[in-house]
Every structure is written in C-alpha cells, then in structure tokens.
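What follows is each chain in one-letter form.
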Amino acid sequence: MTPKEEKRGVVIYPNDVTTVGLDEWEKRIRLGGINLIGLHAATVNDPIDTLEAFVKSPTGQSFLNMCESMGVDVEYELHALQYILPRELFDSHPEYFREDAGGVRQKQYNMCFTSEEAVEAMRPQIESLLEWMHPTTHRYFFWTDDKQDKFCHCKNCRGYSPSEQALIYENRLLKLLREYDPEATLAHLAYHQTVEPPAKIRADKGIFLEFAPINRDYSLPLPYASTEALKANMLAFPAYSQHILEYWLDESMFSKWKRDRLVPNPFRTAECARDIYKYRSMGASDITTFATWLYGDYIRQYGSTDSIFSGYGEAFSETCD
C-alpha cells in the first residue's frame, strides 16, 4: 500500500487560490488525497512580494489554517536568487555576480556561485523571508534563477558544472538557514542544466534532491535519459529524501505560459499512475506536481476541475499493490 509518510502534493501560485476560493481548495485537497502544498513564486512573472502579501492577507491566513486543520503540509518553492542577492549590489560588489563566457560580470540572473561573500550578503533578505515563511516541513526551496546559460564562467567557477555550482551555493545557504531554523533542509533542483548530477562537490547533510523532468511527452513513459539522470542523482543525494516535482497538472506549461491562451488540461490518470509507479519503484516517496493556472479563468472557460483532481488522487491509488 501507499507508504505512510508518502507525500502527494501540488505546487500553486497565490492567485490559484484567490480566484477560486477556499471551499474549492478544500474540495480539491480531498479529491486528490493531497497532503502537501507548495506555494510558488518566480521572481519575474509572479514575484516573491506577491506571495508574501498573500501569506499575510486574511485569505492567505485562512488558507494556511485550512491546510493545518486538514493535515496538509505547506512549503514555499521559489526561483529566488534575483531576490535574495539584490541586484543593486552590483555596482559596489561586481564579484558577487556571475561572469559570462566572454569574461564580463553580469548583473542579471544568478550569481558567482563560488563567492562566500555573496551568500553572506543574502542574510538580510533571508531574515526578511523567514519572518513570514514558515514551511511546516522545515524544507526550503531557494532555487537558482529560471534562465538557461546563466551560470558563472569566472576562473573559480568555470571548472564546475551548473549542478556543482548550484550545490556549492546550496551547501553554504543551508548553513545560513540553520542559524535561523536548526531543522532546515534545502532542495537541490535537478532541472534543465542542473539535471546532470554533481560529481566534484558533495551534498552536505540536509541537502535533498528535487527532480523536475520538464519538457517531456506525457503520452509516453519517462524517457530513458530522464530515468538514467534520476538514477545518477539518487546516488549523489541522501536516499531518505528523493523528491519528485512533475508537471502532470501544470496548466501554465500546457498553455505555453500564455494566460490569454489557456488550453484544456490534458491530464490522464493512467499516464500519471504509470509515472508514479516508476518513481516509487526507484525509491521516491515524495511526489508532487505543478498545478498552476487551474484558476478562475480556467474554470470559466472549461468548467469544473473536479475530474482532474480526483484523477490525480486515483493515480496514486492505482499504483498500490
């Protein structure tokens, strides 16, 4: 049967809640058997300030209280580097920021990942975030910026792969987080350029794998390359913390991130169940999916999402022995 501690979750934006209401989300949680919700922010499109405003609002507080009463954990998953390393520091400390392939320091996106001083410069922003961000699992997600080819090429970084650069930053950031939350753990997102596992850098205890195989065909099984990448990443990170972040319900992705061109969500229970079985067979017990943009505009165009969320719950049940 389903492992007792297994997480089955969704990752959503604040307006996925505010445009449909709490009653709708109580129903979705029950239909999907959901016990984990990740609140998402992506600096450029849905900024962290918007997430903060939601969490502090009466609606946000009611949502968090509802999750608590239903036994649903809440986490915060963020593309955060643009925020936690302020870009205005560039003029006084260009060495905190990434060097492009041409040897020029760049203000936008990510950082110089081998700079210890850059991580220390994040302290005020981390303190500010942790005043309102309280994941019930003590798991934190401060991902690198969601831009490709924006890692560092300086003399100290260029010998490391993107995943190794990210892990250097994550190991240092975890130490900082534990000054404020001694139970903190931190995600390493294996996604796009960081899907290759780190080889030269070892994850400190408390860094856990989050595997996100974007850009796949959901009518087909998990591709061989993704399966091999997951196997390799599982060897590089502690076995107790294999976390999958999928896109089965991600309306934003299926709509190509165009809010004015929503398409019917193509979720299929059988395809999801097939993938869950694969992940479980490989040892993953925390399985989540983006479920963004199944909000007011979607319901007005395509009707109830009940079958989508009930199908998601059924996918987990169908893979039980």
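Everything below is about the structure printed above this text.
### Some details on the overall build of the chain
- Counting its regular elements, the chain contains 13 helices and 8 strands.
- Relative to the 2.2 N^0.38 estimate, which gives 20 Å for 321 residues, the radius of gyration of the chain is 19 Å and therefore close to what a compact globule would have.
- Considering only C-alpha atoms, the chain reaches an extent of 50 × 45 × 40 Å along its principal axes.
- For the chain, long-range pairs separated by at least 24 residues make up 76% of all intrachain contacts whose partners lie at least 6 apart in sequence.
- Surface accessibility of the chain: about 14000 Å² in total, with carbon and sulfur atoms responsible for 50%.
- Placing the 34 positive and 48 negative side-chain charges of the chain at their respective mean positions leaves the two points 4 Å apart.

### Overview of the pairing of strand E7 (residues 242-246)
- Of all 5 residues that make up E7, 5 are buried, and the element is covered over most of its length.
- Going residue by residue along E7, you find Gln242, Ile244 and Glu246 tucked away on one face and His243 and Leu245 tucked away on the opposite face as well.
- The sheet contact formed by strand E6 (residues 207-211) and E7 spans 3 bridges and is parallel. Residue pairing for E7: Glu210 is matched across the bridge by His243.
- As judged from the 4 bridges shared by E7 and strand E8 (residues 286-290), these two strands associate in the parallel manner.

### Examining the sheet that holds strand E3 (residues 73-79)
- Here we have 8 strands rolled up into a closed barrel, ordered E1-E2-E3-E4-E5-E6-E7-E8, and parallel in their pairing. Each strand axis lies, on average, 25 degrees off the axis of its neighbour in the sheet, ignoring direction.
- Pairing analysis gives 3 bridges linking E3 to strand E4 (residues 139-143), with the strands arranged parallel. Following the sheet pairing, Glu77 is matched in E4 by Phe141.

### Things to note about the nonpolar core
- Formed by 103 residues in total, the largest nonpolar core has its most connected members in Leu39, Phe63 and Phe142.
- At 7 residues, the largest contribution of residues to this core is made by helix H8 (residues 162-178).
- Ignoring anything within four residues of it in the chain, the contact list for Leu39 reads Ile12, Leu51, Phe54, Val55, Phe63, Leu64, Val74, Glu75, Tyr76, Glu77 and Leu78.

### Re helix H9 (residues 224-236)
- The end-to-end C-alpha distance of H9, which contains 13 residues, comes to 19 Å, matching closely the 18 Å that a straight helix rising 1.5 Å per residue would cover.
- Residues of H9 that are buried sit in contact with strand E5 (185-190), E6, E7 and helix H11 (269-281).

### Concerning the packing of aromatic side chains
- Scanning the entire structure with this criterion turns up 14 aromatic pairs.
- Judged by centre distance (6.2 Å) and plane angle (70 degrees), the ring pair of Phe113 and Tyr169 falls under edge-to-face. Linking Phe113 in the loop between helix H5 (81-84) and helix H6 (116-120) with Tyr169 in helix H8, this pair joins segments that are 56 residues apart in sequence. Across this residue pair, the class does not change: Phe113 and Tyr169 are buried.
- Taking 6.1 Å as the distance between ring centres and 25 degrees as the angle between the ring planes, the aromatic pair formed by Tyr140 and Phe142 counts as stacked.

### A closer look at the side chain of Gln125
- Within the secondary structure, Gln125 is located in helix H7 (residues 123-130).
- Look past the residues within four positions of Gln125 in its chain and what remains in contact with it is Tyr83, Ile84 and Pro86.

### Describing the environment of Glu26
- Tracing the chain through its elements places Glu26 in helix H2 (residues 22-32).
- Among the residues examined, Glu26 registers a relative accessible area of 30% and is labelled partly exposed.
- Other than its neighbours up to four places away in sequence, Glu26 contacts Met66 and Met70.

### A short note on unusual backbone geometry
- The backbone of His192 sits at a positive phi, close to 50 degrees, despite the residue not being glycine.
- One can find His192 in the loop between E5 and E6.
- Among the residues examined, His192 registers a relative accessible area of 30% and is labelled partly exposed.
- Non-glycine residue Asn215 carries a positive phi angle of around 65 degrees.
- Structurally, Asn215 is set in the loop between E6 and H9.

Definitions and limits used
- Position numbers for residues count from 1 along each chain, tracking the sequence in the order it is written.
- Given that the model is predicted, a residue must reach a pLDDT of at least 70 before its local features are reported, and side-chain atom pairs must reach 80 or more before they are shown or counted; all residues, however, enter totals for whole chains, interfaces and linings.
- With hydrogens and water excluded, all non-hydrogen atoms of the structure serve as input to the side-chain values.
- Each helix is a run of DSSP H or I of at least 4 residues and each strand a run of E of at least 2, with the numbering of both proceeding from the N terminus.
- Every radius of gyration here is taken over C-alpha atoms, with the globule rule written as 2.2 Å times N^0.38, N being the number of residues.
- Contact definition: two residues touch when any of their heavy atoms are within 4.5 Å.
- The protein chains shown are the only cover counted for residues, whose accessible areas, like all others here, come from Shrake-Rupley with a 1.4 Å probe.
- In this tally, Lys and Arg are treated as positive and Asp and Glu as negative; His is ignored, and so are the chain termini.
- Charged side chains are reduced to one point each, which is NZ for Lys, CZ for Arg, CG for Asp and CD for Glu.
- Residue exposure (1.4 Å probe, protein chains only): buried if accessible area is under 20% of the type maximum, exposed if over 50%, otherwise partly exposed.
- When DSSP locates at least two bridges between a pair of strands, those strands are taken to pair.
- The axes are straight lines fitted to the C-alpha atoms, using for helices just the contacting stretch, and the angles between their N-to-C directions are given from 0 to 180°.
- Only buried Ala, Val, Leu, Ile, Met, Phe, Trp, Tyr and Cys residues count toward a nonpolar core, and they belong to the same one when joined by side-chain atoms within 4.5 Å.
- Multiplying 1.5 Å by the residue count of a helix minus one yields the expected span of that helix.
- When the centres of two rings from Phe, Tyr and Trp lie within 6.5 Å, Trp using its six-membered ring, the rings pair. Their planes under 30 degrees apart give stacked, over 60 give edge-to-face, and anything left gives tilted.

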